[in-house]
Amino acid sequence: MSLLRAPLLGLARSHRIRDVVTRLPVSSGIVNRYVPGEATEQAVQATRRLVDDGLHVTLDFLGEDTLDEAQAEATVTAYLDLLDQLAAAGLARNAEVSVKLSAIGQALPGIGQKLSIENARRICQAAHAAGTTVTLDMEDHTTTDLTLSALRQLRKDYPETGAVVQAYLYRTEQDCRALAHEGSRVRLCKGAYNEPEEVAYQDGHDVDKSYVRCLKVLMAGQGYPMIATHDPRLIKIASALATRYARMPATYEFQMLYGIRPAEQKRLADVGEKVRVYVPYGDEWYGYLMRRLAERPSNLTFFLRSLISQK
Ligand code: FDA
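Source: prediction; values computed, not measured.

> Let's hear about the pairing of strand β8 (residues 275-281): which residues, and what values?
The buried fraction of β8 is high, at seven of seven residues. Of the two faces of β8, the one carrying Val275, Val277, Val279 and Tyr281 and the one carrying Arg276, Tyr278 and Pro280 are both buried. Note: strand β1 (residues 56-61) against β8, six bridges, orientation parallel. The residue of β8 that forms the bridge with Asp60 is Pro280.

> Describe helix α11 (residues 262-270), naming the residues involved and giving the relevant values.
Every buried residue belonging to α11 is among Glu264, Gln265, Leu268 and Ala269, and all of these are buried. For α11, the angular spread of buried residues about the axis comes to 135°, placing them on one side. Turned more than 90 degrees from where α11 packs its buried face, Ala263 and Asp270 sit exposed. Where α11 is buried, its residues contact α10 (232-244), β7 (253-257) and β8.

> Can you tell me about the site of the ligand, naming the residues and giving the values?
Surrounding the ligand, one finds 25 residues, the nearest of these being Lys190, Gly191, Thr229, His230 and Glu295. Between Arg296 and the ligand, the recorded distance is 3.4 Å, taken from a side-chain N or O atom to a nitrogen atom. Protein chains bury 86% of the 940 Å² of accessible surface belonging to the ligand in isolation. Elements that contribute at least two residues to the shell around the ligand include exactly α3 (29-34), β4 (163-166), β5 (185-189), β7 and α12 (286-295). When residues of the shell around the ligand are assigned to their parent elements, the largest contribution, three residues, is made by β7. Broken down by class, the residue content of the shell around the ligand amounts to 11 nonpolar, six polar and eight charged.

How each quantity is defined
Residues numbered from 1 in each chain as written. Predicted model: local features only at pLDDT ≥ 70, side-chain atom pairs only at ≥ 80, totals over all residues. Heavy atoms only, no water. Buried < 20%, exposed > 50% of the residue type's maximum accessible area, 1.4 Å probe, protein only. Helix = DSSP H or I, 4+ residues; strand = E, 2+ residues; numbered from the N terminus. Pairing = 2+ DSSP bridges. Arc of directions from axis to C-beta. Contact = heavy atoms within 4.5 Å. Near = heavy atom within 4 Å. Polar contact = N/O pair within 3.5 Å; in protein donor to acceptor, adjacent residues only side chain to side chain. Areas by Shrake-Rupley, 256 points an atom, 1.4 Å probe, with all protein chains shown as cover. Nonpolar A, V, L, I, M, F, W, Y, C, P; charged D, E, K, R; others polar.

Structure, rendered in C-alpha cells:
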C-alpha cells in the first residue's frame, strides 16, 4: 500500500488540519468531485441525476466520531428530513441511506451504544415507512463487534438493515459466513481505516485475496451481496462468481462511491447489473475526503492546488 496512506489516514482524525482544510468551499474542485453538496436538496438533486441514469443510490449524511448528544440528534433529524424528501420526490424506491453509528452517538461515554441503537432504530423506522432501507457503515476495528451487535438488534424489527464488512480485517471471512443467510444484505468493501497488523492485513495483495475469499462466501450463500469496490479485477471476479453460482443480476449489486469511475458505474448498469452509488453530503466532509485521498495519493497535487488557490 502507498507510503502516504497511513499519514493521510492519521490526518483524517486531526482537528487542527481539519480546521484549515474545511475553509475550502465544498464547491472547490477536489471536494466537489467526491461530495455533491452540503444541503439535503443538493443530495436529492444528485440522487435524481443518478437514478435517471439507471443507477441506485445510498446517501450518507457526513459526520462521524461525535461526542456531543445534540450533534447526534441533529444527525438523526437530518436523516429523517432526507428520507421525507426522498419519498416526496418519488426516489425512495431507488435510494436508501448509509449511517455511521459514531455519527449518532456510539462513542458517547456510558450511554453511547444504547443511544446509537435507539437513534438508528428511528432512522430504520423512517426508512421503512418511506419504502427503503438502511445500511450501517463499518468504522475502525474497535467498533466492529459493537456495530455487528447493533445490527443484530436492529434486524429483529428491520431485517432488511444492511451490514458492512471490511476485507482487510482477519476476522471478516468468518463474519461473512455468519452473515450469508437468507435476506441478509451485506456490503463487502476493502476497508478504509488505518488498522494495526494485529487485526488487519497490511499488504494490498493480501487484502485483495481476502476480498475474493469473502466474496466467494457471500456469493455462494443465501444473502444479498453488495460488492463495494472500484477495482476492475475484483469486479471481473464478482461477475464470474455470479455466473458460477447462477445468481441473477438483482440478487446482488455492485456499489461505488460518488465521483469514482462514473463511466464504469454506467457501463455495468447498461449491461444489466444493479449498481448503487454511495453519495455523501453535508458540511462534515473532511474525514471522508482524507480517506479518499489516502486511497489515491495522486489526487494530493490537485488537493494542494485547491488549498493554495484559496489564499
Ligand atoms: P482500490 O483502492 O484498490 O482502488 C481500485 C481502483 O479504483 C483504483 O485503481 C482507482 O482506479 C479507483 N479508485 C479507488 N479509490 C479512488 C479514489 N479515491 N479516487 C479516484 N479513484 C479511485 N470502507 C469502510 O471502511 N467502511 C465502509 O462502510 C465503507 N463503505 C463503502 C461503501 C461503498 C459503496 C464503497 C465503494 C466503498 C466503501 N468503503 C468503506 C471504502 C472501501 O473500504 C475502500 O476504501 C474504497 O472503496 C477503495 O477501495 P477499492 O475497493 O475501490 O480498491
